[in-house]
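Structural features, examined
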Amino acid sequence: MTQSGKLLYTAKVHTTGGRDGMSRSSDGRLDIRLSTPGGPGGGTNPEQLLAAGWSACFEGAMAIAARKMNIILPPGVAIDAEVKLNIADGAFFLSARLNVSVPGLERDVALAVVEAAHQTCPYSNATRGNIEAAINLI
(Lines give C-alpha, C1' and ligand atoms only; values in the text may rest on other atoms or scores of the structure.)
Protein backbone atom coordinates (compact mmCIF):
# COMPACT_ATOMS: atom_id res chain seq x y z
CA MET A 1 0.00 0.00 0.00
CA THR A 2 1.41 3.38 -0.97
CA GLN A 3 0.40 6.50 0.88
CA SER A 4 1.06 10.01 -0.27
CA GLY A 5 1.26 13.10 1.84
CA LYS A 6 3.64 15.71 3.10
CA LEU A 7 6.96 14.24 4.20
CA LEU A 8 7.75 15.38 7.75
CA TYR A 9 10.95 13.51 8.54
CA THR A 10 13.19 10.69 7.32
CA ALA A 11 15.24 8.68 9.81
CA LYS A 12 18.38 7.21 8.30
CA VAL A 13 20.23 4.50 10.21
CA HIS A 14 23.12 2.31 9.08
CA THR A 15 23.31 -1.12 10.78
CA THR A 16 26.06 -3.72 10.55
CA GLY A 17 26.31 -7.08 12.27
CA GLY A 18 22.59 -7.68 12.78
CA ARG A 19 21.48 -8.43 16.33
CA ASP A 20 25.09 -8.52 17.52
CA GLY A 21 26.22 -5.43 15.67
CA MET A 22 25.92 -1.67 15.73
CA SER A 23 23.50 0.98 14.49
CA ARG A 24 24.30 4.62 13.82
CA SER A 25 22.02 7.36 12.54
CA SER A 26 23.14 9.66 9.74
CA ASP A 27 23.12 12.63 12.13
CA GLY A 28 25.10 10.76 14.81
CA ARG A 29 22.44 11.20 17.50
CA LEU A 30 21.91 7.44 17.65
CA ASP A 31 25.05 5.33 18.00
CA ILE A 32 24.33 2.04 19.74
CA ARG A 33 25.64 -1.46 20.19
CA LEU A 34 23.19 -4.28 19.60
CA SER A 35 23.00 -7.67 21.28
CA THR A 36 20.70 -10.66 21.15
CA PRO A 37 17.93 -10.60 23.81
CA GLY A 38 19.15 -12.49 26.87
CA GLY A 39 22.55 -13.03 25.29
CA PRO A 40 25.96 -11.71 26.25
CA GLY A 41 26.89 -8.16 25.50
CA GLY A 42 25.83 -4.80 26.76
CA GLY A 43 23.84 -3.65 23.76
CA THR A 44 20.15 -3.10 23.28
CA ASN A 45 18.00 -5.11 20.88
CA PRO A 46 15.42 -4.37 18.19
CA GLU A 47 12.53 -5.29 20.48
CA GLN A 48 13.64 -2.73 23.08
CA LEU A 49 14.05 -0.12 20.36
CA LEU A 50 10.53 -0.78 19.06
CA ALA A 51 9.13 -0.57 22.61
CA ALA A 52 10.90 2.74 23.24
CA GLY A 53 9.89 4.23 19.89
CA TRP A 54 6.27 3.13 20.08
CA SER A 55 5.75 4.31 23.66
CA ALA A 56 7.36 7.71 22.98
CA CYS A 57 5.31 8.17 19.80
CA PHE A 58 2.12 7.04 21.54
CA GLU A 59 2.59 9.55 24.34
CA GLY A 60 3.04 12.27 21.72
CA ALA A 61 -0.15 11.12 20.00
CA MET A 62 -1.92 11.30 23.35
CA ALA A 63 -0.81 14.92 23.79
CA ILE A 64 -2.15 15.82 20.34
CA ALA A 65 -5.44 13.99 20.98
CA ALA A 66 -5.86 15.66 24.38
CA ARG A 67 -5.22 19.11 22.89
CA LYS A 68 -7.86 18.49 20.20
CA MET A 69 -10.31 17.40 22.93
CA ASN A 70 -9.50 20.45 25.10
CA ILE A 71 -8.14 18.18 27.81
CA ILE A 72 -5.05 18.99 29.83
CA LEU A 73 -2.95 15.89 30.44
CA PRO A 74 -1.72 15.80 34.02
CA PRO A 75 1.97 15.44 34.86
CA GLY A 76 3.10 11.87 35.35
CA VAL A 77 1.67 10.34 32.17
CA ALA A 78 3.73 7.20 31.56
CA ILE A 79 3.72 4.19 29.27
CA ASP A 80 5.23 0.82 30.08
CA ALA A 81 5.75 -0.89 26.73
CA GLU A 82 6.37 -4.59 26.18
CA VAL A 83 7.42 -6.00 22.83
CA LYS A 84 7.61 -9.77 22.86
CA LEU A 85 9.57 -11.91 20.43
CA ASN A 86 7.71 -15.18 19.91
CA ILE A 87 8.15 -18.33 17.83
CA ALA A 88 5.56 -20.79 16.54
CA ASP A 89 6.07 -23.52 13.96
CA GLY A 90 9.60 -22.29 13.31
CA ALA A 91 8.49 -18.72 12.46
CA PHE A 92 9.31 -15.68 14.59
CA PHE A 93 6.67 -13.02 15.30
CA LEU A 94 6.11 -10.06 17.60
CA SER A 95 3.36 -9.14 20.02
CA ALA A 96 3.09 -6.03 22.12
CA ARG A 97 1.40 -4.39 25.07
CA LEU A 98 1.28 -0.74 26.06
CA ASN A 99 0.24 -0.11 29.66
CA VAL A 100 -0.73 3.56 29.80
CA SER A 101 -0.93 5.45 33.08
CA VAL A 102 -2.71 8.81 33.25
CA PRO A 103 -2.84 9.62 36.98
CA GLY A 104 -5.33 12.27 38.03
CA LEU A 105 -7.56 12.08 34.96
CA GLU A 106 -11.01 10.51 35.11
CA ARG A 107 -10.91 7.01 33.63
CA ASP A 108 -13.48 7.63 30.87
CA VAL A 109 -11.68 10.82 29.78
CA ALA A 110 -8.27 9.09 29.86
CA LEU A 111 -9.70 6.16 27.89
CA ALA A 112 -11.02 8.53 25.20
CA VAL A 113 -7.57 10.11 24.87
CA VAL A 114 -5.86 6.70 24.70
CA GLU A 115 -8.30 5.42 22.08
CA ALA A 116 -7.84 8.56 19.95
CA ALA A 117 -4.05 8.26 20.25
CA HIS A 118 -4.17 4.62 19.17
CA GLN A 119 -6.00 5.68 15.98
CA THR A 120 -3.44 8.35 15.07
CA CYS A 121 -0.09 7.07 16.39
CA PRO A 122 2.09 6.10 13.41
CA TYR A 123 3.46 3.06 15.27
CA SER A 124 -0.07 1.87 16.11
CA ASN A 125 -1.08 2.34 12.49
CA ALA A 126 2.02 0.52 11.20
CA THR A 127 1.51 -2.47 13.47
CA ARG A 128 -2.31 -2.68 13.38
CA GLY A 129 -3.31 -5.97 11.80
CA ASN A 130 0.33 -7.07 11.66
CA ILE A 131 1.05 -7.92 15.29
CA GLU A 132 -1.16 -8.66 18.26
CA ALA A 133 -1.16 -5.51 20.37
CA ALA A 134 -2.97 -4.67 23.59
CA ILE A 135 -3.36 -1.07 24.70
CA ASN A 136 -4.31 -0.97 28.38
CA LEU A 137 -5.24 1.98 30.57
CA ILE A 138 -3.94 1.17 34.03
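Described below are features of the structure shown in this document. (Residues numbered from 1 in each chain as written. Predicted model: local features only at pLDDT ≥ 70, side-chain atom pairs only at ≥ 80, totals over all residues. Heavy atoms only, no water.)

**A few points about the sheet that holds strand E6 (residues 132–137)**
Applicable threshold: Strand pairing requires that DSSP identify at least two bridges connecting the strands. Working definition: helices are DSSP H or I runs of at least four residues, strands are E runs of at least two. Numbering for both runs from the N terminus. To get an axis, fit a line to the C-alpha atoms, keeping to the stretch in contact for a helix; angles then go from 0 to 180 degrees between the N-to-C directions. Every residue pair with non-hydrogen atoms within 4.5 Å of one another is taken to be in contact.
What the three strands build is an open sheet, ordered E4-E5-E6; its pairing is mixed. The open sheet is flanked by strand E4 (78–88) and E6, the only strands paired with a single partner. For this sheet, the mean angle separating the axes of adjacent strands, direction not counted, is 15 degrees. Where E4 and strand E5 (residues 91–101) come together, 11 bridges link them in antiparallel fashion. Following the sheet pairing, Glu82 is matched in E5 by Arg97. Where helix H1 (residues 46–68) meets the sheet, it contacts E4, E5 and E6, and its direction lies at approximately 140 degrees from that of E4. Against the sheet, helix H2 (residues 107–120) engages E5 and E6, with an angle of about 150 degrees to E6.

**Focus on the state of the cysteines**
Selection rule: The rule for a disulfide is simple: a pair of cysteine sulfur atoms within 2.5 Å. Each residue gets one of three labels from its accessible area relative to the maximum for its type: buried under 20%, exposed over 50%, partly exposed in between, using a 1.4 Å probe on protein chains only.
Summed over the entire model, instances satisfying the criterion amount to zero disulfides. There is no disulfide at Cys121, and the cysteine sulfur nearest it, in Cys57, is 3.6 Å away. Residue Cys121 is classed as buried on the basis of its relative accessible area, which comes to 0%.

**Quick notes on the pattern of salt bridges**
Put simply, the rule reads: Throughout this description, the term salt bridge denotes a Lys or Arg side-chain nitrogen within 4 Å of a carboxyl oxygen of Asp or Glu.
For the structure shown, the criterion picks out five salt bridges. Taking the shortest distance from any N to any O, the salt bridge between Glu82 and Arg97 comes out at 3.1 Å. Of this pair, Glu82 sits in strand E4 while Arg97 sits in strand E5, placing them 15 residues apart in sequence. On the basis of relative accessibility, which here comes to 31%, the residue Glu82 falls in the partly exposed class. Look at the salt bridges and you will find they share partners, linking Glu82, Lys84 and Arg97 into a network.

**Description of unusual backbone geometry**
For Asn70, which is not glycine, the phi torsion reads 55 degrees and is therefore positive. Structurally, Asn70 can be placed in the loop between H1 and E4. The phi dihedral of Asp89 is positive, around 55 degrees, even though this residue is not glycine. Relative accessible area serves as the criterion here: at 86%, Asp89 is assigned to the exposed category.

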